[in-house]
Amino acid sequence: MMQTRTVLRSLRPGLNKFNATGGNLMLTRSLSDLPVDVDHAKGAWKTYGELDSYKPGKFQVGTFNKISAKGLEVFEPELYETLDGAKAVNAHAILLRSHKLKEEEVSYTVRAIARCGAGTNNVPVARMTELGIPVFNTPGANANAVKELVLCGLFLSSRRVVDGINHMKDLGTKGLAKERVEKDKAMFGGQEIKGKTLAVIGLGHIGSSTARDAGRMGMNIIGYDPGLSIESALKLPRNINLVDSIVSAVAKADYISINIPYIKGDPSEGGTHGVIGSDVIEHFKPNAVLLNFARGELVDSAAMKEFLDSGDGKYVSDFPDDLLWDHKNSVILPHLGASTEEAEDAAAAMAAETIRDFLENGTIKNSVNFPAATMAGRP
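Residues numbered from 1 in each chain as written. Predicted model: local features only at pLDDT ≥ 70, side-chain atom pairs only at ≥ 80, totals over all residues. Heavy atoms only, no water.

Considerations on the pairing of strand 7 (residues 220–224)
The side chains of a regular strand alternate between both faces of the sheet.
Inference 1: The element strand 7 is extensively covered by neighbouring structure, given that four of its five residues are classed as buried.
Inference 2: You can see the chain leave strand 6 (residues 197–201), run along helix 9 (residues 205–216) and come back into strand 7, and the turn it takes is right-handed.
Inference 3: Examined bridge by bridge, strand 7 and strand 8 (residues 241–242) share two bridges and lie parallel to one another. Bridge assignment links Gly223 to a residue of strand 8, and that residue is Leu242. (Buried < 20%, exposed > 50% of the residue type's maximum accessible area, 1.4 Å probe, protein only. Helix = DSSP H or I, 4+ residues; strand = E, 2+ residues; numbered from the N terminus. Right-handed = clockwise from strand over helix to strand, strands pointing away. Pairing = 2+ DSSP bridges.)

Written as structure tokens, this is what we have:
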């Protein structure tokens, strides 16, 4: 079947928009309908791959970034060959994490792309859709890891832990730590989160579990998500207050956790770039804390700086920010959200299983650009 598809695609480059869900249909098409002449295939290997790395009977998977070994174990060596992306010139699929994929890295042989994570803004999804290549993600695989860091952000912003650590290091270099610790601790007073209000913007896998666990710690929860799924709704605390807008959610919140995907474009046009801008921030309480473990581009940095400059509000983000990185009221982390061994294993295994199911059975699940589909069993 693999050899047949390769022949068909080399005979008709226009079939690049074909994906494996149409495999059975293509196999029944007559070759006589295709405009083939004796010179048609000349130079084809320069375009479609290289003979040196071609192994008949095996799917080839190109990997970018360091992929978890537990994920790669999903690919049975009898049926699959995994290679570094640059070497996988005959790749049937691409598996990646944060690598920013370029179109020229996607061979004509590629049928699917899977990212080990939820976001796919490092993949040219629109172009892949035009080429008929489904792009998969792994929703929920890293949800627990990110949720735990969001909860950590709650504590970091409430108790001035980072400032206290840095102060103790400074005193330690001077040999004054024991002498000054009791006197100086008053500089780092904070507040407890119990009884405070947390607004959760986006109630998917991460948002719903954040709301649930924060509720268990005694927080009052406000939620906003116009696309709330039944699965996520079942995870929410019973006493959550669901509202109908972001502004309504943040207006009474002491803490705000944003957990929505980044979509390029202005919010007025359906995008989420800068969705937390001045029109939303002006409704924050003066001492509100914004927790951003979703995407840096969701927050208007200039508007956030103006807010931080004007009061006691705080910003905790898991993404670099050229404007706010050294602000006294911000804590900027180096994108640690999904950086746990467990999350990397789970995401890689889910992505690999998705690729296998698509290449072997034509099943589309967790695709960001194609509808879900399951092929009927083969005779």
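Some details on the sheet that holds strand 11 (residues 314–317)
Inference 1: The sheet built from seven strands is open, its strands ordered 8-7-6-9-10-11-12 with parallel pairing. The open sheet terminates on both sides in strands that have one partner only, identified here as strand 8 and strand 12 (330–332).
Inference 2: As paired strands, strand 10 (residues 289–292) and strand 11 are joined by four bridges and run parallel to one another. Along strand 11, the bridge assignment pairs Leu290 with Tyr315.
Inference 3: Against the sheet, helix 13 (residues 301–310) engages strand 10, strand 11 and strand 12, with an angle of about 140° to strand 11. (Contact = heavy atoms within 4.5 Å. Axes fitted to C-alpha atoms, helices over the stretch in contact; angles between N-to-C directions.)

Let's talk about unusual backbone geometry
Inference 1: Despite not being glycine, Asn65 shows a phi value in the positive range, around 70°.
Inference 2: Note that Asn65 resides in the loop between strand 1 (59–63) and helix 4 (69–72).
Inference 3: Here Arg160, not a glycine, exhibits a phi torsion of approximately 50°, which is positive.
Inference 4: Of the residues examined, Arg160 reaches a relative accessible area of 32% and is grouped as partly exposed.

Details of the nonpolar core
Inference 1: By size, the foremost hydrophobic cluster in this structure holds 28 residues, and its most contacted members are Ile201, Ile246, Ile256, Ile276, Phe284, Leu290 and Met304.
Inference 2: Where this core is concerned, the elements lending two or more residues are strand 6, strand 7, helix 11 (246–250), strand 9 (255–258), helix 12 (278–281) and helix 13.
Inference 3: Among residues more than four places away in sequence, those in contact with Leu290 are Ile256, Ile276, Phe284, Val299, Met304, Lys314, Tyr315 and Val316.
Inference 4: Counting 24 residues, the second-largest nonpolar core is a separate cluster that includes Val200, Val289, Leu291 and Val331. (Core = buried A, V, L, I, M, F, W, Y, C linked by side-chain atoms within 4.5 Å.)

Section: the packing of helix 7 (residues 161–174) against helix 8 (residues 177–184)
Inference 1: Between helix 7 and helix 8, whose axes approach to 9 Å, the crossing angle comes to 145°. Judged by the twist between their axes, the crossing of helix 7 over helix 8 is right-handed. Of the residues in helix 8, those in contact with His167, Met168, Leu171 and Gly172 of helix 7 are Ala177, Arg180, Val181 and Asp184.
Inference 2: Tallied by class, the residues present in the contact of helix 7 with helix 8 amount to four nonpolar, two polar and two charged. (Left-handed = near helix turned anticlockwise from the far one by under 90°. Nonpolar A, V, L, I, M, F, W, Y, C, P; charged D, E, K, R; others polar.)

Section: the packing of aromatic side chains
Inference 1: Applying the stated criterion across every chain yields a total of four aromatic pairs.
Inference 2: An aromatic cluster is present here, built from Phe59, Phe75 and Tyr80 joined pairwise through their rings. (Phe/Tyr/Trp six-rings, centres within 6.5 Å; stacked < 30°, edge-to-face > 60°.)

Looking at the environment of Leu234
Inference 1: With respect to the helices and strands, Leu234 occurs in the loop between helix 10 (230–233) and strand 8.
Inference 2: In this structure Leu234 comes out as exposed when scored by relative accessible area, which is 72%.
Inference 3: Sequence-wise, Leu234 and Ser208 are 26 residues apart; in three dimensions their C-alpha atoms are separated by 8.8 Å.

A look at the pairing of strand 10
Inference 1: Across the two faces of strand 10 the burial is the same, with Val289 and Leu291 and Leu290 and Asn292 all buried.
Inference 2: As paired strands, strand 9 and strand 10 are joined by four bridges and run parallel to one another. Counterpart to Ile258 in the pairing with strand 10 is Asn292.

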